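So you can see what is in the structure, the chains are spelled out below.
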Amino acid sequence: MRQAWVGDAVLAVVVGVIVALAAGPGGGGAGFVDYALIGVGSLALAAHRKAPRAVLAVSTACLLGEVVYGEASSVAAIPVVAAAHTAARAGHRGLAAAAAGVFLVGFALAGEGSDDVVQRTLLLAGWFLCALVTGLADKNWQAYLRQTEQRALEAERTREEAALRRAGEERLRIARELHDSLTHSISIVKLQAGVAVHLARKRGEEIPPALLAIQEASGEAMRELRATLTVLRTDEPTGSPALLVERARAAGLAVDLAVRGRERPLSGELEQAAYRIVQEGLTNAARHAGAAAKVRVGLDYGERVLGVRVEDDGAADAGRPPVEGTGLTGMRERVASLGGTLRAGPRVEGGFLVCAELPLMKGALAGAGFPGGEADGREGPPPETGSAAEVAHSREGA
């Protein structure tokens, strides 16, 4: 906006200089009053964007006065022609035509004694007609551009809505397929395992550990499947990391939860991503870390980045490259879709680490707010930087 105003001011000065030179010694010897009228009428063009009607009135009055007072040439009409053009472009074509008519009448009366007054008046009438026509054309062109932009925005919004609708329909279809294909089978497994455990207890027999594991795993699978179906049907988070920690403790896993920074509400995608990262980390720890392992879950609310960290001191060996499974692959894709970074792999001192950094706003720099790191200015042990810690793989079977 400032550059446009500077350009208008420069143009007004140039027009004023041209008219002043035409009215100078070569044009009949203009005096102070002539230059004052020319200066005010020309410099008023600098404000044509904000006040086109006022500019038209000032330019017409000043230059008409110059024509009557100093018997100026046709060049004196340039500021009035420019003001009429800007007024017509702003939608005041009637006012612009009236100002042009007043100026032409005054010009003709002021040069009544000249032989070529009719010819010059007709020439100025052609100038004003061109100014009015080009002003109206420019106004219509700007309106066309605005309408085109609005149609493009509307088309983009429609495409986004259609894409969201198709994504929702696909989620519902997947949910139905999962429910029809898996829920029934898992329910049968859970029911049969429960009946077998009940009969064994009723007979006083020792319950095989494998049977208890099947019963527990089938129940957990049913809970996870219901949670997944809820996400697919509603696209909303199914809980919080704190709830996952409580469930893991109830299942016998030693888990500590640490929250750093100012905890605040997150968007649905970020909240769901944090939930899934903690869930996958705790699931891996329960499967592979061992019964005596301790698990630490960390959430760090930085100014621009949410840090999520799940680590254990289990049996993972940094010298043994892990095999990536579908769990970490899906988690990596989820983090990447949010513009974040993920590291997962064995720790140098033993155990396994899952670390994610999720930007809290568009354009935020990754690296701030890493729990236990140095990027956020807080003290804490630096993240593992050894080659094994950089391996972005999950455990076997994840």
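Refer to the preceding data block for the structure.
The following paragraphs examine the structure supplied in this document. Keep in mind it's a predicted model, so treat the numbers as computed, not measured.

1. A few points about the packing of helix α3 (residues 52-70) against helix α4 (residues 78-89)
Part 1 of the reasoning: Between α3 and α4, the shortest axis-to-axis distance is 9 Å and the interhelical angle comes to 160°. For the element pair α3 / α4, the angle class is roughly antiparallel. Read as a crossing pair, α3 and α4 show a hand that is left-handed. Residues P52, V55, L56, S59, T60 and L63 of α3 pack against P79, V80, A83, A84, T86 and A87 of α4.
Part 2 of the reasoning: Looking at the contact of α3 with α4 residue by residue, the class counts come to nine nonpolar, three polar and no charged.

2. Regarding the pairing of strand β4 (residues 341-346)
Part 1 of the reasoning: For β4, the tally of buried residues reaches five of six residues, placing the bulk of the element in the interior.
Part 2 of the reasoning: Bridge count for β4 against strand β5 (residues 352-359) is six bridges, and the pairing is antiparallel. Each bridged residue has a counterpart across the sheet, and for T341 the counterpart in β5 is E357.
Part 3 of the reasoning: Connecting β4 to the next strand, β5, in antiparallel fashion are five residues, including G350 with a positive phi near 105°.

3. Some thoughts on the nonpolar core
Part 1 of the reasoning: In this structure, L56, L63, F103 and F128 are the most contacted members of the largest nonpolar core, which totals 34 residues.
Part 2 of the reasoning: Those elements giving two or more residues to this core turn out to be α1 (2-22), α3, α4, α5 (93-110) and α6 (117-203).
Part 3 of the reasoning: Residue contacts for F103: discarding those within four places in its chain leaves T60, L63, L64, V67, A76, A77, V80, L124 and F128.
Part 4 of the reasoning: Ranked by size, the runner-up nonpolar core spans 33 residues in total, among them L282, A285, L306 and L342.

4. Regarding the pairing of strand β2 (residues 294-301)
Part 1 of the reasoning: Of all the eight residues making up β2, six are buried; the element is thus mostly covered by neighbouring parts of the structure.
Part 2 of the reasoning: Across eight bridges, the pairing between strand β1 (residues 254-261) and β2 is parallel. Opposite R260, over in β2, you have D300 as the bridge partner.
Part 3 of the reasoning: Of the crossover connections in this fold, the one passing from β1 over helix α9 (residues 268-289) to the parallel β2 is left-handed.
Part 4 of the reasoning: In sequence, β2 turns back onto strand β3 (residues 305-312) through a hairpin of three residues.

5. Describing the side chain of S42
Part 1 of the reasoning: Locating S42 in the fold gives a position in helix α2 (residues 32-43).
Part 2 of the reasoning: Among the polar contacts made by the side chain of S42, one reaches the main-chain carbonyl oxygen of I38 at a distance of 2.8 Å.
Part 3 of the reasoning: Beyond its immediate stretch of four places on either side in the chain, S42 contacts A12, V15, G16, L63 and P79.

6. A few points about helix α8 (residues 241-250)
Part 1 of the reasoning: All buried positions along α8 are accounted for by P241, L244, V245 and A248. Take α8 and look down its axis: the buried residues cluster within an arc of 100°, on one side only.
Part 2 of the reasoning: Lining the buried residues of α8 we find β1, α9 and β2.
Part 3 of the reasoning: Just beyond α8, the residue with positive phi is G252, at close to 100°.

7. Observations regarding the environment of E311
Part 1 of the reasoning: Examined against the element boundaries, E311 turns out to sit in strand β3.
Part 2 of the reasoning: Look past the residues within four positions of E311 in its chain and what remains in contact with it is K294, V295, R296, R347, F352 and L353.
Part 3 of the reasoning: A distance of 2.9 Å separates the side chain of E311 from the side chain of R347, its partner in a polar contact.

Conventions and cut-offs
What you see as residue numbers is a count from 1 along each chain, following the sequence as written. Totals for whole chains, interfaces and linings use all residues, but because this is a predicted model, local features are given only for residues with pLDDT of at least 70 and pairs of side-chain atoms are given and counted only at 80 or more. The basis for every side-chain value is the complete set of heavy atoms in the structure, and neither hydrogens nor water enter the calculation. Axis definition: a line fit to C-alpha positions, over the contact stretch in the case of helices; interaxial angles, taken between N-to-C directions, run 0 to 180 degrees. Here a helix means four or more residues in a row that DSSP labels H or I, a strand means two or more in a row labelled E, and each is numbered from the N terminus. In these notes the angle categories are as follows: under 35 degrees is roughly parallel, over 145 is roughly antiparallel, 65 to 115 is roughly perpendicular, and the rest is oblique. If you view the pair so one helix is near and one far, a crossing is left-handed when the near helix is turned anticlockwise from the far one by less than a right angle, and right-handed when it is turned clockwise. The criterion used for residue contact is that any of the two residues' heavy atoms lie within 4.5 Å. When residue character is reported, Ala, Val, Leu, Ile, Met, Phe, Trp, Tyr, Cys and Pro are called nonpolar, Asp, Glu, Lys and Arg charged, and the others, Gly included, polar. With a 1.4 Å probe rolled over the protein chains alone, any residue whose accessible area is under 20% of its type maximum counts as buried; one over 50% counts as exposed, and the rest are partly exposed. Whether two strands pair depends on DSSP finding at least two bridges between them. The nonpolar core is taken to be a set of buried Ala, Val, Leu, Ile, Met, Phe, Trp, Tyr and Cys residues, with the residues joined through side-chain atoms within 4.5 Å. Here, the term right-handed applies to a crossover whose path from the first strand over the helix to the second runs clockwise when the strands point away from the viewer. N or O atoms closer than or at 3.5 Å make up a polar contact, with two conditions inside protein: a donor-capable atom paired with an acceptor-capable one, and, for residues adjacent in sequence, both atoms drawn from side chains. Think of the arc as the fan of directions from the helix axis to the C-beta atoms.

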